[in-house]
Every structure is written in C-alpha cells, then in structure tokens.
Amino acid sequence: MTLLIKSTLSHKENDKPIGIFDSGVGGLTVAKQVFRLLPHEKVIYFGDTGRYPYGPRSQQIVAKFSFQNTNFLLKEKVKFIVVACNTASAVALPQLQKHYQIPMIGVIDPGAKAAIGTTKNRRVGVIGTVGTISSDAYRKAIQKLSSGIKVFSLPCPLFVSLAEEGYIDKKATRLIAEDYLSPLIKKDVDTLVLGCTHYPLLKKVLSQVMGEDVRLIDSAEETAKEVRIFLEVNKLLRESKGKAYHKFYVSDVPDKFMQVGRRFLKNRIGKVRRIDINRY
Ligand code: DGL
C-alpha cells in the first residue's frame with residue numbers, strides 16, 4: 001500500500017465509511033480491532049457467507065470473488081478498503097490494487113512486518129489456510145523486507161472449523177494443535193504468525209502448545225494499526241467525533257453470521273442485511 005495519496009481529498013471524503021470484506025465471519029476479528037482503534041469511523045462489513053470458505057479454493061475463484069466484493073463496497077461509497085481475509089489478501093490483493101484507484105490494505109504485510117520486528121532468532125513460523133500457505137505470500141513479504149529470516153509455513157485448515165464451532169478450550173483442539181504445530185516446534189521458531197482470520201480465537205491453546213517463549217503475531221491487530229496510520233497520514237480520518245455506524249452485509253441468510261459473529265466480535269451484532277453478490 002502506498003502511504004500517501006497524492007490527490008487532495010475533500011472534507012466529504014473523510015466522512016465516508018471504511019469498507020471491510022472477508023469470506024464470512026472471520027474478518028470480524030479485524031473489524032473488532034478497527035472498531036477499537038478507530039471508534040469514530042463508520043464501517044461497512046461484507047462477509048461472503050454464501051461462498052465461504054475461500055481457504056480451499058483456487059486462486060482464480062478467490063480473485064473473482066474478491067473483485068465482486070470490492071465492487072459491492074465501492075457501490076456503498078467507501079473511502080478505503082480492508083481485505084480482512086488472509087486467503088484473499090494472499091492471492092488477490094495485488095490484482096485488486098492494480099485494478100482499482102481506491103486505497104486498499106490486506107492483512108499479509110502488516111503481519112509480516114510485525115513478525116520481522118518481533119523475531120530475535122530470525123526463525124518465523126506462519127500458519128494459515130491451504131490457499132494462504134500455498135501462495136507463499138507471508139514468506140515472500142517477510143523475506144522481501146528481511147531476506148535473512150527463515151520462514152516455515154504450515155496449513156492448519158481444521159483450526160477454522162474449531163474456532164467457528166466454539167472449540168476454544170477443548171481437549172480435541174489441543175490434540176489437533178499439538179499434531180499440527182509439532183513441525184514448527186522442531187524448527188525452533190520464536191515467532192508465529194496467525195495468518196488466518198480465525199486463529200486469534202485460539203491464541204490461548206496455540207500459545208500453550210508452542211510454549212510461552214514463542215511470540216504470536218495477530219495479523220488482525222497489526223492491520224488495524226496500519227489502517228489508522230494510513231487514515232491519519234492522508235488526513236482521511238472522520239472529523240466528527242459523534243457515534244459512527246457499523247453496517248453488516250452477507251451473501252447468505254444472516255442467522256449463523258449473527259450467532260457465530262457474536263463470539264468473534266465479543267459483542268452483539270445489530271442488523272445484518274443479505275445481498276446478492278453475483279450482481280456485482
Ligand atoms: N477468512 C479466511 C482466511 O483468513 C478463513 C476462512 C476461509 O477459508 O474462508 O484465510
């Protein structure tokens with residue numbers, strides 16, 4: 001993401017909402033951090049629940065969905081777009097940024113930067129969906145900035161379902177985590193990037209399994225920090241300190257999104273509207 005937009009932006013531009021999209025409910029971990037750091041910003045969140053999950057899909061399909069999601073947010077007149085989904089950020093963000101004028105940020109670069117700033121032994125683990133890990137986007141982003149760092153990446157697809165089912169403190173989750181993460185423990189990583197929207201919910205068990213010396217990087221938190229910096233530098237922050245709305249849209253019936261989303265957001269979700277994403 002370029003840090004500065006050259007054109008002068010009107011006052012009205014500031015008042016527009018931030019757009020966030022994800023494959024479903026997981027991006028609410030990013031939205032939660034954006035709400036926390038930017039309480040006066042209006043936000044429009046789109047969760048593509050009708051076409052979820054993105055993790056096991058091909059790059060072409062995820063890119064096509066990401067273009068449609070962006071088109072929808074543009075119709076809603078957002079000023080800035082956050083691609084909260086790691087899989088979409090990994091496989092589609094460069095294409096989106098080439099195609100659209102609007103400033104956009106994904107979750108990969110913020111997570112990669114935080115990992116570089118954290119590791120002491122220069123050995124970093126990355127976990128994510130099959131799509132994110134096979135794209136190699138985190139390794140490339142880390143080594144582009146710091147070529148000497150060794151990156152060990154592992155897909156952990158079952159963590160997504162465990163987080164959605166609320167299997168946060170269960171024995172089964174710990175056993176799966178031990179099994180998944182043992183190759184990374186053997187590689188002696190001192191930093192682990194949680195490269196998936198869902199993984200912050202499993203932080204406690206992941207930290208217990210990795211050991212307390214291993215630092216966990218929450219890409220959601222790092223991304224929200226960068227959103228704030230970008231809006232500040234470009235004088236795009238809303239001037240009004242009044243209450244800002246948060247609107248939620250999905251591409252399937254809203255019930256499950258509202259129910260599971262509550263756990264992700266640690267808050268009740270108000271009204272959720274359904275849209276036909278294939279129109280965009
Ligand atoms: N949001 C996805 C990600 O962060 C996880 C869920 C999915 O597979 O769609 O990669």
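Rules behind the numbers
Residues numbered from 1 in each chain as written. Predicted model: local features only at pLDDT ≥ 70, side-chain atom pairs only at ≥ 80, totals over all residues. Heavy atoms only, no water. Near = heavy atom within 4 Å. Polar contact = N/O pair within 3.5 Å; in protein donor to acceptor, adjacent residues only side chain to side chain. Areas by Shrake-Rupley, 256 points an atom, 1.4 Å probe, with all protein chains shown as cover. Nonpolar A, V, L, I, M, F, W, Y, C, P; charged D, E, K, R; others polar. Pairing = 2+ DSSP bridges. Helix = DSSP H or I, 4+ residues; strand = E, 2+ residues; numbered from the N terminus. Axes fitted to C-alpha atoms, helices over the stretch in contact; angles between N-to-C directions. Contact = heavy atoms within 4.5 Å. Buried < 20%, exposed > 50% of the residue type's maximum accessible area, 1.4 Å probe, protein only. Right-handed = clockwise from strand over helix to strand, strands pointing away. Arc of directions from axis to C-beta. Parallel < 35°, antiparallel > 145°, perpendicular 65-115°, else oblique. Left-handed = near helix turned anticlockwise from the far one by under 90°. Core = buried A, V, L, I, M, F, W, Y, C linked by side-chain atoms within 4.5 Å.

Engineer: Describe the site of the ligand, and please don't skip the residues or the numbers.
Structural biologist: Close contacts around the ligand come from 13 residues, with S23, Y54, G55, T87 and T197 the closest. Here a nitrogen atom of the ligand and a side-chain polar atom of D22 are 3.0 Å apart. At 3.0 Å, a backbone N or O of N86 approaches an oxygen atom of the ligand. Protein chains shield 99% of the accessible area of the ligand, which is 290 Å² for the free molecule. Grouping the amino acids of the shell around the ligand by side-chain chemistry returns 5 nonpolar, 7 polar and 1 charged.

Engineer: If you had to explain the sheet that holds strand β8 (residues 215-218) to someone new, which residues and values would you point to?
Structural biologist: An order of β6-β5-β7-β8 is seen for the 4 strands of this open sheet, with the pairing classed as parallel. Either end of the sheet is taken by a strand with one partner, and the two such strands are β6 (150-155) and β8. Between one strand axis and the next, the sheet turns through 25° on average, direction left out of account. Judged from the 4 bridges that link them, strand β7 (residues 191-195) and β8 form a sheet pairing that is parallel. Of the residues in β8, the one forming a bridge with T191 is R215. Strands in contact with helix α9 (residues 171-186) are β5 (123-128), β6 and β7; relative to β6, the strand with the most contacts, it is inclined by about 170°. The strands touched by helix α11 (residues 219-233) are β7 and β8; relative to β8, the strand with the most contacts, the crossing angle is about 50°.

Engineer: Report on the pairing of strand β3 (residues 80-83), specifying residues and quantitative values.
Structural biologist: Strand residues, when the strand is regular, have side chains that alternate between the two faces of the sheet. Because side chains alternate across β3, one face comprises the buried residues F80 and V82, and the other comprises I81 and V83, equally buried. Bridge analysis of strand β1 (residues 18-22) against β3 gives 4 bridges, and the strand direction is parallel. Its bridge partner being in β3, G19 is matched across the sheet by I81. Note: β3 against strand β4 (residues 104-106), 3 bridges, orientation parallel. Each bridged residue has a counterpart across the sheet, and for V83 the counterpart in β4 is G106. Note on the crossover from β3 through helix α4 (residues 86-99) to β4: the handedness is right-handed.

Engineer: Can you lay out helix α12 (residues 255-265) for me, pointing to particular residues and giving the numbers?
Structural biologist: Given 3.6 residues to a turn, an α-helix orients residues that are three or four positions apart in the same direction. Residues of α12 that are buried: F257, V260, G261, F264 and L265. Mapping the buried residues of α12 onto a view down its axis gives an arc of 135°, with all of them on the same face. The outward face of α12, more than 90 degrees from its buried face, is lined by the exposed residues D255 and Q259. Contacts from the buried residues of α12 go to α2 (28-37), β2 (43-47), α8 (158-164), β9 (246-250) and β10 (272-274). With its phi angle positive at about 55°, K266 sits one or two positions after the end of α12.

Engineer: Run through the environment of F35, naming residues and quoting values.
Structural biologist: Inspection of the secondary structure puts F35 in helix α2. Distance in space between the C-alpha atoms of F35 and L158 is 28 Å, their sequence separation being 123 residues. Discounting residues that sit within four places of it in the chain, F35 has contacts with V43, H246, F248 and L265.

Engineer: I'd like to hear about the packing of α2 against α12, residue by residue, with values.
Structural biologist: The geometry of α2 relative to α12 is characterised by a closest axis approach of 9 Å and an angle of 55° between their N-to-C directions. If you check the angle between α2 and α12, you find them oblique. Pair α2 / α12 crosses with right-handed handedness. Across from L28, T29, K32 and F35 in α2, the residues of α12 making contact are F257, G261, F264 and L265. Tallied by class, the residues present in the contact of α2 with α12 amount to 5 nonpolar, 2 polar and 1 charged.

Engineer: I'd love a proper account of the nonpolar core, names of residues and values included.
Structural biologist: Grouped together as the largest cluster of nonpolar side chains are 96 residues, with contacts concentrated most on I18, L28, I127 and F159. Beyond its immediate stretch of four places on either side in the chain, I18 contacts V34, L38, E41, K42, V43, I44, V78, K79, F80, V82, V227 and L231.

Engineer: Quick rundown of unusual backbone geometry? Include the residues and the values.
Structural biologist: When glycine is set aside, most residues are seen to have a negative phi, and most peptide bonds are trans. For the bond running from Y52 to P53, omega is -5°, close enough to zero to count as cis. Note on placement: P53 falls in the loop between β2 and α3 (59-75). Non-glycine residue K77 carries a positive phi angle of around 60°. Position of K77 relative to the elements: it lies in the loop between α3 and β3.

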